[in-house]
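Descriptive analysis of the structure
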Amino acid sequence: MHSDPTSFADIHNHLVPGVDDGARTVEDTLASVEQMTREGIRKIITTPHVEASLTRNWPLLNKHLDAVSEAFHRAAEAVAGSFPEVEFRRGHEVMLDVPDPDLSDPRLRLAESSFVLVEWPRHYLPPGTGMVLERLVDSGVRPVVAHPERYVGINLDVAWSWREAGALLQVNYGAFLGRYGASAQRLALRLLRRGWVDVLASDFHGRGNQGVDQKEAWRRITEIGGEEILPYLCLTNPRRILRDELPLAVPPLVPERGFWSRVKEVFHPEGE
């Protein structure tokens, strides 16, 4: 890739300490940011989990968001002291456990933009997901569906209905490495090939054996002819979200002779 490696951005990770299943301590946050900088990432929007049903109870929502804000500010101060080159912002990953949430609070949005990272409960798709996304768009929210490749029951028709509703799709780097199984890996590739992936992100939880996966995913995608689209997915589009601008359309991968043979070799090498 020919883009400036100091400008890469990650819009989905869990680095606010002690508020969800991600980083536990500020030390975890700093270790995670260090790992992300080794991958060339300098702009981070961290996205702790929150249930959309909380938006139906303003006192509870405000109490929760205040607690997250306090933990985020402690982490942000530490990041600024240790990694002054890193822009460290905040959003949330909103679990759509109700079909009609109020996502007007700017603290729920990615870097207080109009974009909101959303997911469905327990990786299962309830009925009417396209209509839910359409209502969010009508309310002025720009939904970004997290890791569409991971949902049980997902297919290209469903993914297309989300895009028609006005949602963006964010695929995890780890999907291209088989971290979520062969089905998720295949769907991630099919979405990428059609130009339906708007942004890639790590979904890094800041502990355990999980890696950021960015460099290895770049290598895999480059090997199947995707080098030209990587700047859209890892640089331009996440930075546009930070600036509250719509991402650019990502060109589809152009199949070459032997395309699927090359895909099979990259994603299912002999012996794996």
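Look up: the structure comes first, before these words.
Quick look at the structure, then. Since this is a predicted model, take the numbers as computed values, not measurements.

**What about the side chain of Asp 10?**
For Asp 10, the position within the fold is in strand β1 (residues 8–10). Among the polar contacts listed, one links the side chain of Asp 10 to the backbone nitrogen of His 12, at a separation of 3.3 Å. If near-sequence neighbours (up to four positions away) are discounted, Asp 10 is found in contact with Met 36, Ile 41, Lys 43, Ile 44, Ile 45, Tyr 173, Ala 201 and Ser 202.

**Describing the sheet that holds β1**
An order of β1-β2-β4 is seen for the 3 strands of this open sheet, with the pairing classed as parallel. With one partner strand each, in any of the chains shown, β1 and β4 (87–90) form the two edges of the open sheet. The sheet shows a mean angle of 15° between the axes of neighbouring strands, direction not considered. Where β1 lies against strand β2 (residues 41–46), 3 bridges are found, and the strand directions are parallel. Bridge assignment links Asp 10 to a residue of β2, and that residue is Ile 44. Contacting β1, β2 and β4, helix α1 (residues 26–38) crosses the sheet at an angle of about 135° to β2. Where helix α2 (residues 58–82) meets the sheet, it contacts β2 and β4, and its direction lies at approximately 175° from that of β4.

**Regarding the environment of Leu 246**
Mapped onto the elements of the fold, Leu 246 is located in the loop between α7 (230–242) and α8 (259–267). Put simply, Leu 246 and Ser 114 are 132 residues apart on the chain and 9.7 Å apart in space, counted from C-alpha to C-alpha. Not counting chain neighbours up to four residues away, the residues in contact with Leu 246 comprise Phe 115, Arg 142 and Arg 240.

**What about unusual backbone geometry?**
Comment: phi is negative for the bulk of residues other than glycine, and the bulk of peptide bonds are trans. Phi at His 123 takes a positive value of approximately 60°, unusual for a residue other than glycine. Mapped onto the elements of the fold, His 123 is located in the loop between β6 (115–119) and α3 (129–138).

**Notes on α1**
Helix length check: α1 (13 residues) gives 19 Å between terminal C-alpha atoms against 18 Å at 1.5 Å per residue, within 8%. Along α1, the residues classified as buried are Val 26, Thr 29, Ser 32, Val 33, Met 36 and Thr 37. All buried residues of α1 fall inside an arc of 140° around its axis, so they share one side. Opposite the buried face of α1, at more than 90 degrees from it, the exposed residues are Glu 27 and Arg 38. The positive-phi residue at the C-terminal boundary of α1 is Gly 40, with phi of around 90°.

**What about the environment of Pro 143?**
Secondary-structure assignment places Pro 143 in strand β7 (residues 142–146). On the accessibility criterion, Pro 143 (0% relative accessible area) is buried. A C-alpha to C-alpha distance of 9.4 Å links Pro 143 and Arg 109, two positions 34 residues apart in sequence. Those residues within four positions of Pro 143 in sequence are excluded, and the remaining contacts are Val 116, Val 118, Leu 133, Leu 136, Val 137, Gly 166, Ala 167 and Leu 168.

**Remarks on the packing of α1 against α2**
For the pair α1 and α2, interaxial distance at closest approach is 10 Å and the crossing angle is 45°. The angle between the axes of α1 and α2 places the two elements in the oblique class. Where α1 crosses over α2, the two elements pack in a sense that is right-handed. Across the interface between the two elements, Val 26, Thr 29, Leu 30 and Val 33 of α1 pack against Arg 74, Ala 75, Ala 78, Val 79 and Ser 82 of α2.

**Things to note about the sheet that holds strand β8 (residues 168–172)**
Backbone-to-backbone hydrogen bonds join strands into a sheet, with any given pair of strands oriented parallel or antiparallel. Pairing in this open sheet of 6 strands is parallel, and the strands run β3-β5-β6-β7-β8-β9 from one edge to the other. The strands lining the two open edges of the sheet, one partner per strand, are β3 (49–51) and β9 (199–201). For this sheet, the mean angle separating the axes of adjacent strands, direction not counted, is 35°. Bridge count for β8 against β9 is 3 bridges, and the pairing is parallel. Its bridge partner lying in β9, Asn 172 is registered against Ala 201.

**Notes on the pairing of β4**
Burial of the side chains of β4 is restricted to one face: Phe 88 and Arg 90 are buried, whereas none of Glu 87 and Arg 89 on the reverse face is. With 4 bridges joining them, β2 and β4 adopt parallel strand pairing. Looking at β4, one finds that Ile 44 is bridged to Phe 88.

**Considerations on the pairing of β8**
In terms of burial, β8 is a largely internal element, 5 of the 5 residues being buried. Neither face of β8 is open: one carries Leu 168, Gln 170 and Asn 172, the other Leu 169 and Val 171, and all of them are buried. The parallel pair β7 and β8 is bridged by helix α4 (residues 156–165), and the resulting crossover is right-handed.

Conventions adopted
Residues numbered from 1 in each chain as written. Predicted model: local features only at pLDDT ≥ 70, side-chain atom pairs only at ≥ 80, totals over all residues. Heavy atoms only, no water. Helix = DSSP H or I, 4+ residues; strand = E, 2+ residues; numbered from the N terminus. Polar contact = N/O pair within 3.5 Å; in protein donor to acceptor, adjacent residues only side chain to side chain. Contact = heavy atoms within 4.5 Å. Pairing = 2+ DSSP bridges. Axes fitted to C-alpha atoms, helices over the stretch in contact; angles between N-to-C directions. Expected span 1.5 Å × (residues − 1). Buried < 20%, exposed > 50% of the residue type's maximum accessible area, 1.4 Å probe, protein only. Arc of directions from axis to C-beta. Parallel < 35°, antiparallel > 145°, perpendicular 65-115°, else oblique. Left-handed = near helix turned anticlockwise from the far one by under 90°. Right-handed = clockwise from strand over helix to strand, strands pointing away.

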